[in-house]
Structures are given as C-alpha cells and as structure tokens.
Amino acid sequence: MSRTATAPSVQIPGHPDLKVLSNAPMSNMTTWRIGGPADFAVRAGHPDKVIAALQWAHDQNLPVTVIGGGSNLLVGDDGIRGLVIIARTPGERAGQLVSAEDLGAETRLRVAAQAPLSWVGRYCCDRGWAGMDWGVGLPGAIGGATVNNAGAHGTEMKDHLDRVEIARSDGTLESHDRAWLNPTYRHTRLKDSSQPRGVAVTWVELLLPKGDPARLKQLADEHAGYRHRTQPTGRCAGSTFTNPPGDFAGRLIEEAGLKDFAVGGVRFSTVHSNFIVNDGSGTAEQVLELIAHAQDVVLDRFGVRLETEIEPIGAFTGRRGT
Ligand SMILES: Cc1cc2nc3c(=O)[nH]c(=O)nc-3n(C[C@H](O)[C@H](O)[C@H](O)COP(=O)(O)OP(=O)(O)OC[C@H]3O[C@@H](n4cnc5c(N)ncnc54)[C@H](O)[C@@H]3O)c2cc1C
C-alpha cells in the first residue's frame with residue numbers, strides 16, 4: 001500500500017477547481033484502500049470538467065484512466081502511469097447532475113456519470129420512478145455502474161438504460177444507444193479494451209416506469225438492510241469473482257474451506273466469502289496471491305474456474321501492468 005506524500009498540485013488553465021495532483025496515492029481513491037500512486041490525478045465533479053481534464057491530458061500527451069468510486073478496482077502497488085480522472089460527486093451535490101422529463105407512463109432521467117449510484121436509487125424511489133431501487137446501498141457512481149453493467153436483486157444497469165454519452169481522449173463527444181454498449185453480466189464494450197482507455201462516460205439516460213413511491217421506498221430500505229446484514233463493511237471491493245453459471249462463487253469458496261483464509265493483510269470475509277477485506281495493511285500483491293490461491297483450490301476441488309469480477313489496473317510489482 002502506498003504511503004507516498006502527494007506532491008503540490010497544478011491547476012488546469014481556465015478551470016480553477018481542476019487541481020491536478022502529482023504522485024497521488026490511489027489507496028485514497030479506492031474502497032479497498034489499496035494502490036500505489038498515480039503520476040497525476042484530478043477530481044472532476046461534472047462531465048464538463050472531465051472533458052477539460054481529457055483535453056489537458058491530450059495536450060500533455062498523457063494516457064488517461066477514468067474511475068468513479070473506485071469500488072470495483074484493484075490498483076497495483078506500483079500505481080498508475082499518466083492521469084487518473086476521478087469522476088464522482090458526493091450525494092449532497094448530486095442534485096445538479098440530474099434532469100427529468102415526464103413521458104407519461106415513464107420518466108426519462110438524464111444523469112451525469114458522477115452521481116452516486118445509491119443516491120440515484122433513492123432519488124428515483126422517492127419520486128415513484130421504478131427501476132433503480134437495486135442501486136440503493138451500492139457504492140460507486142453511475143459512470144462506473146454503466147461501464148460494469150452493475151446489478152443486484154435481479155436488475156442490472158442495462159435494464160433501464162436508454163442512451164450513453166462518452167468523451168474520447170481528444171475531446172470528441174459521442175452518443176450511443178444501449179445496443180452499442182453491448183452489456184452482458186458485469187461487462188460492456190467499454191471494458192473490451194485494456195486500461196488506460198482514455199474514454200469517459202459523461203452522461204446516461206434512463207427510462208423509468210412510474211411506480212408507487214411508498215412501495216419503492218420500502219424496497220430501497222429492504223435492499224439497504226439486506227446489504228447491511230449480509231456484506232462486510234470497511235475496506236473491500238464487493239464480489240471478487242463473478243458467479244459461475246448456476247452457482248455462487250461465495251459458496252464454492254466457503255465449501256473449499258477458504259472463508260477467513262488470509263494472505264498478509266487481506267482475507268476472505270467471514271460475513272461474505274466472495275468479498276476480500278483489507279485489515280489496513282494489505283497490498284495488491286497479496287490480493288492477487290489470495291485470488292490465485294482460491295482459483296487453484298476451487299478448480300482442483302470442483303473443476304470450476306473462477307473469473308474475477310474486480311478489475312486489476314495499473315502496475316503491479318514485478319509484472320507489467322496496464
Ligand atoms: C461493498 C460493495 C458491494 C458491492 N456490491 C455490488 C453489487 O451488488 N453488484 C455489482 O454489480 N457491483 C457491486 N460492487 C462493485 C461496485 O460497487 C460496482 O460495480 C460499481 O457500480 C462500480 O462503480 P464505481 O464508480 O466504483 O466504478 P470504479 O470501480 O471506479 O470503476 C469501474 C470501471 O468503470 C470505469 N469507469 C468508472 N467511471 C467511469 C467513467 N465516468 N467513464 C469511463 N469509465 C469509467 C473504470 O475505469 C473501471 O473500468 C460492490 C462493491 C462494494 C465495495
């Protein structure tokens with residue numbers, strides 16, 4: 001885990017609020033609290049700011065990685081080369097990042113990538129717009145949820161997504177329909193290429209059927225309560241592995257006797273066996289070692305190859321990172 005001091009910042013010309021930090025520890029930007037320093041990092045709380053940061057990086061000839069809440073990422077101990085754009089905004093400021101159009105039986109909601117997924121879930125439930133309740137209690141932002149096609153409780157991001165807008169590294173803007181995104185289980189075409197991708201999701205449009213606000217609020221509370229009961233809190237990144245067809249990765253890990261199995265400062269959680277928790281001293285190398293061990297044991301015991309849901313990015317000690 002990096003404890004590198006962040007160096008003084010540089011301001012992107014014309015954008016006083018866009019301060020580019022150099023040598024910025026990614027352990028501060030990820031829910032696992034793991035990851036070495038990015039050469040440069042900038043927080044961009046609005047799509048226009050992301051576009052400005054992309055253009056600055058283009059002028060500086062820097063590769064760009066865009067992240068949201070950092071809740072599905074394993075950043076290597078040697079950090080990330082180039083610029084990391086952190087596209088997220090706290091819930092209390094997210095009201096400026098949504099606009100709605102009443103279409104009669106449904107609502108078209110335009111949401112910036114920075115809006116927290118859980119906040120959007122609550123916002124929609126409170127107004128009686130169905131389809132985003134599943135996001136309540138999940139960490140991360142709408143942009144990351146779109147790239148990952150995140151989902152829970154039987155619904156995925158793709159189910160109510162109508163359009164996605166993206167910005168390329170040279171500042172070119174594109175608008176695409178859902179089919180272009182080609183969403184599948186925890187994957188979209190935006191994940192086809194390796195990092196650094198230099199592409200930013202800026203806005204998404206959702207089509208949400210009208211529902212009963214009281215029932216939707218109750219659903220949201222149930223989802224939040226379920227997470228509280230069944231998932232660890234603290235330094236983790238959600239499900240380590242995707243569920244293999246017809247089974248659950250957590251069940252296989254538990255049956256293989258790996259619940260609470262540790263490598264250094266990281267271990268499979270006792271609350272949810274598919275979650276790896278960091279005691280605060282863990283490193284990315286230790287997470288990779290724990291993952292490889294579980295894959296070997298589960299393959300050997302059950303003949304099932306577990307695939308990672310978390311995404312390793314950046315440079316890993318002794319290996320060539322992205
Ligand atoms: C406790 C816990 C529970 C979780 N439960 C679930 C669950 O039930 N279901 C589920 O699907 N996931 C779950 N996750 C994983 C994660 O929260 C989701 O996948 C979330 O939607 C990721 O969003 P993020 O903003 O954190 O993305 P990040 O982790 O920051 O990034 C994910 C990917 O998206 C890219 N990205 C992010 N923002 C942008 C952008 N604006 N433009 C371009 N690329 C971008 C990144 O480069 C990366 O490839 C859980 C995680 C935790 C910690």
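Quantities reported herein were computed from a predicted structural model and do not represent experimental measurements.

Quick word on helix α5 (residues 213-230)
Look at α5: 26 Å from first C-alpha to last across 18 residues, which is about the 26 Å you get at 1.5 Å a residue. Within α5, burial applies to L216, L219, A220, H223 and R227. Along the axis of α5, the buried positions cluster into a sector of 100 degrees, meaning they face one direction only. Exposed residues lying more than 90 degrees from the buried face of α5 are A214, H228 and R229. Looking at the packing, one finds that the buried side of α5 touches α2 (117-126) and β9 (151-152).

Things to note about the sheet that holds strand β16 (residues 276-278)
Read across the open sheet, the three strands follow the order β14-β15-β16; overall the sheet is antiparallel. At either end of the open sheet lies a strand with only one pairing partner, and these are β14 (262-263) and β16. Here strand β15 (residues 266-268) runs beside β16; their pairing, made up of three bridges, is antiparallel. Counted as the bridge partner of F268 is I276 from β16. Strand contacts of helix α7 (residues 284-302): β14, β15 and β16, with the helix running at about 30 degrees to β15, the strand carrying the most contacts.

Here's the deal with the pattern of salt bridges
Across all of its chains, the model carries 19 salt bridges by this definition. Salt-bridge contacts for R186 lead to E309; the nearest nitrogen and oxygen are separated by 3.7 Å. One end of the pair, R186, is in the loop between α4 (178-181) and β13 (200-209); the other, E309, is in the loop between α7 and β17 (311-313), and 123 residues separate them in sequence. On the basis of relative accessibility, which here comes to 18%, the residue R186 falls in the buried class. A salt bridge links R267 to D260, with the nearest nitrogen and oxygen atoms 3.0 Å apart. On the basis of relative accessible area, D260 is assigned to the partly exposed category, the value being 36%. When salt bridges with common partners are traced through the structure, they connect R108, R110, D162, E165 and E205 into a single cluster.

Reading the values: rules and limits
Residues numbered from 1 in each chain as written. Predicted model: local features only at pLDDT ≥ 70, side-chain atom pairs only at ≥ 80, totals over all residues. Heavy atoms only, no water. Helix = DSSP H or I, 4+ residues; strand = E, 2+ residues; numbered from the N terminus. Expected span 1.5 Å × (residues − 1). Buried < 20%, exposed > 50% of the residue type's maximum accessible area, 1.4 Å probe, protein only. Arc of directions from axis to C-beta. Contact = heavy atoms within 4.5 Å. Pairing = 2+ DSSP bridges. Axes fitted to C-alpha atoms, helices over the stretch in contact; angles between N-to-C directions. Salt bridge = Lys/Arg side-chain N within 4 Å of Asp/Glu carboxyl O.

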